[in-house]
Amino acid sequence: LAPRKVPTSDLLYGDALDRRERLRVATERMRFEAEEVAREKVQVAPRSRRYYWQMLERQIKTAFDATSSSELFLEESLLESFLI
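This structure is a prediction, so every number in the text was calculated from the model and none was measured.

(A) Region of interest: the overall build of the protein. Across its full length, the protein carries three helices and zero strands. Taken from N to C terminus, the helices and strands of the protein fall in the order α-α-α. The C-alpha atoms of the protein give a radius of gyration of 32 Å, which is well past the 12 Å a tight globule of 84 residues would have. On the principal axes, the C-alpha backbone points of the protein span a range of 100 × 30 × 10 Å. The buried share of the protein, reckoned over its 84 residues, is 2%. One finds the centroid of the 15 positive side-chain charges in the protein at a distance of 14 Å from the centroid of its 15 negative side-chain charges.

Quick look at the structure:
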């Protein structure tokens, strides 16, 4: 057998460093992918966002009309009951 040019300990050490780096990269990639999945789950489509805003506006108008007796202005004494 021919003697090795690089000692076995150096090869093992280099392999351990490479393995550690591959593990770090794989962990980072998995974390990034998990964040992407989580971000996609909470995103709301523009059409849905518009629908919810319209629904909220209708609920606010209904509450305002119920509190103000369908007048254009809300009396200061009724403001608290409208906000609650």
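(B) Representation of the packing of aromatic side chains. For the structure shown, the criterion picks out one aromatic pair. Seen from their ring centres, Tyr-51 and Tyr-52 are 5.4 Å apart, and the 65° between their planes marks the pair as edge-to-face.

(C) Examining the side chain of Thr-67 more closely. Structurally, Thr-67 is set in helix H2 (residues 46-68). Given a relative accessible area of 16%, Thr-67 falls into the buried group. Within the structure, Thr-67 has its side chain in polar contact with the backbone oxygen of Ala-63 (distance 2.9 Å). In this view, Thr-67 contacts Leu-74, Leu-78, Ser-81 and Phe-82; residues no more than four positions away in its chain are not counted.

About the cut-offs
- Residues numbered from 1 in each chain as written.
- Predicted model: local features only at pLDDT ≥ 70, side-chain atom pairs only at ≥ 80, totals over all residues.
- Heavy atoms only, no water.
- Helix = DSSP H or I, 4+ residues; strand = E, 2+ residues; numbered from the N terminus.
- Rg over C-alpha atoms; globule rule 2.2 N^0.38 Å.
- Buried < 20%, exposed > 50% of the residue type's maximum accessible area, 1.4 Å probe, protein only.
- Lys, Arg positive; Asp, Glu negative; His and termini not counted.
- Charge placed at Lys NZ, Arg CZ, Asp CG, Glu CD.
- Phe/Tyr/Trp six-rings, centres within 6.5 Å; stacked < 30°, edge-to-face > 60°.
- Polar contact = N/O pair within 3.5 Å; in protein donor to acceptor, adjacent residues only side chain to side chain.
- Contact = heavy atoms within 4.5 Å.

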